[in-house]
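Spelled out, the chains give:
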Amino acid sequence: MNAVEVGPLGVLASLTLVVLAMLLSWREQLGLSRSIVWAALRAIAQMAVIGAALGLVLADDAPLVLSWAWVVAMVVVGAVTVSSRSKGVAGVFAVTLLALGLAEAVSLGVVFGLGIFPLEARTLVPAAGMLMGNTIAATVLAVRRTVAEIDEHGAQIEVRLALGQPGRSAVRPHLAEAMRTAITPQIEQTKIVGLIALPGTMTGLLLAGVAPVDAVLTQTVVMFLILGSVAVTAVVVGRGIARRLVTADHRLVTPSRA
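Residues numbered from 1 in each chain as written. Predicted model: local features only at pLDDT ≥ 70, side-chain atom pairs only at ≥ 80, totals over all residues. Heavy atoms only, no water.

If the charged atoms of two oppositely charged side chains come close together, the side chains can form a pair. If you walk through the whole model with that rule in mind, you get 4 salt bridges. Close ionic contact of Arg-122 with Glu-120 constitutes a salt bridge, the shortest N to O distance being 2.6 Å. The class of Glu-120 is partly exposed, set by a relative accessible area of 33%. Residue Arg-180 pairs with Glu-177 through a salt bridge whose shortest N-O separation is 2.9 Å. With Arg-180 and Glu-177 both in helix α7 (residues 167-192) and 3 residues apart, this pair spans about one turn of that helix. What makes Glu-177 partly exposed here is its relative accessible area of 32%. (Salt bridge = Lys/Arg side-chain N within 4 Å of Asp/Glu carboxyl O. Buried < 20%, exposed > 50% of the residue type's maximum accessible area, 1.4 Å probe, protein only. Helix = DSSP H or I, 4+ residues; strand = E, 2+ residues; numbered from the N terminus.)

Despite not being glycine, Gln-29 has its phi angle at roughly 55 degrees, a positive value. With respect to the secondary-structure elements, Gln-29 resides in the loop between α1 (8-27) and α2 (33-57).

The next subject is the nonpolar core. Considering soluble globular proteins, one finds that nonpolar side chains tend to be buried as a cluster. Core analysis: the biggest nonpolar cluster contains 29 residues, and Ile-150, Ile-157, Val-237 and Ile-241 have the highest contact counts within it. Listed by contribution, the elements that provide at least two residues to this core are α3 (64-84), α4 (92-113), α5 (121-152), α6 (154-162), α7 and α9 (212-245). With residues near it in sequence (within four places) discarded, Val-237 still touches Val-95, Thr-96, Ala-99, Thr-139, Ala-142 and Val-143. Membership of the second largest hydrophobic core comes to 19 residues, among which are Val-71, Phe-112, Ala-127 and Ile-226. (Core = buried A, V, L, I, M, F, W, Y, C linked by side-chain atoms within 4.5 Å. Contact = heavy atoms within 4.5 Å.)

With that out of the way, let us pick up the packing of α4 against α5. Contact geometry of α4 with α5 gives a least axis separation of 10 Å together with a crossing angle of 140 degrees. Relative to α5, α4 is oriented oblique. The two elements α4 and α5 meet at a crossing, and its hand is right-handed. Taking contact as the criterion, the partners of Val-92, Thr-96, Leu-100, Glu-104, Ser-107, Leu-108 and Phe-112 in α4 are, on α5, Thr-123, Leu-124, Ala-127, Ala-128, Leu-131, Met-132, Thr-135, Ile-136, Thr-139 and Val-143. (Axes fitted to C-alpha atoms, helices over the stretch in contact; angles between N-to-C directions. Parallel < 35°, antiparallel > 145°, perpendicular 65-115°, else oblique. Left-handed = near helix turned anticlockwise from the far one by under 90°.)

Shown next as C-alpha cells:
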C-alpha cells in the first residue's frame, strides 16, 4: 500500500477551501474574512517552522534529550496559552503548568513505562503533542467553568463559609459541576470514536499506508491517553483555581468580587 504524499501544489490546492470559507463569511456578513486569512497564513508559517525544527529533533542521530526538551517547551507554552485565555484569576499559569506537566508525566509514563510504544523521538514528540493539543481546550474550560460556577453560586458558598465549613467543602458541589463540564466533551468524543468520525491519528496512519488494524489499535491507545490527560488536568486545575478563590480567612475572592 502506497503512502499519500502531499507536495507544495497540494497545499496550494487546499487553499481553495480557505477561499470558500472567506466567501461564505463575506456572503453571510460574518466579519471573519480577515481572521480566516490571518489564521491560514499563521498556520502556514508555524507549520513551516515546526517542520524544520522537527527535522532536527527527529533526525536519526539526534539525542533523545532534544525530544524531552521539546516536551517541556510544549508544557510551558501550553500553560502560557491557558493563562492568556483565562485572565482575571491569580495563579492560573502556575496551576496550569502543574496540571499539564502532571498529565504529560502520567500519560507518557504509562505509554512508555509499560512498553506500549518504544521510547524514541518519533514516538515521544508526537504522543506528547497529541496529548497537549487535546488537553488545552479542556484546561481552559476547566478554569473558566470553575470561576463561573463559584462566582454564580457565591451567596450559597458564603453561607456555608459563615456556618463554619472549610473552603474546600463550601465550593465542592460547584467545583464538581465545573469538572464534569470540562471532562464530559472528551467522554462523549471517546464514545463515538470510529462511529461518526475517524480521529486524526487513525486517519494519518491510514493515509501513510498503515494497515487498518494497526491504525485502529494505535488510535485506541491515543484516545485512552487523551481521556486520562483531560481528566487529570481538569481535576488539578479545578482544585487549584478553587483554592485561590477562597482565602485563608474564609472570604470569597472571585474576579467579580475583587
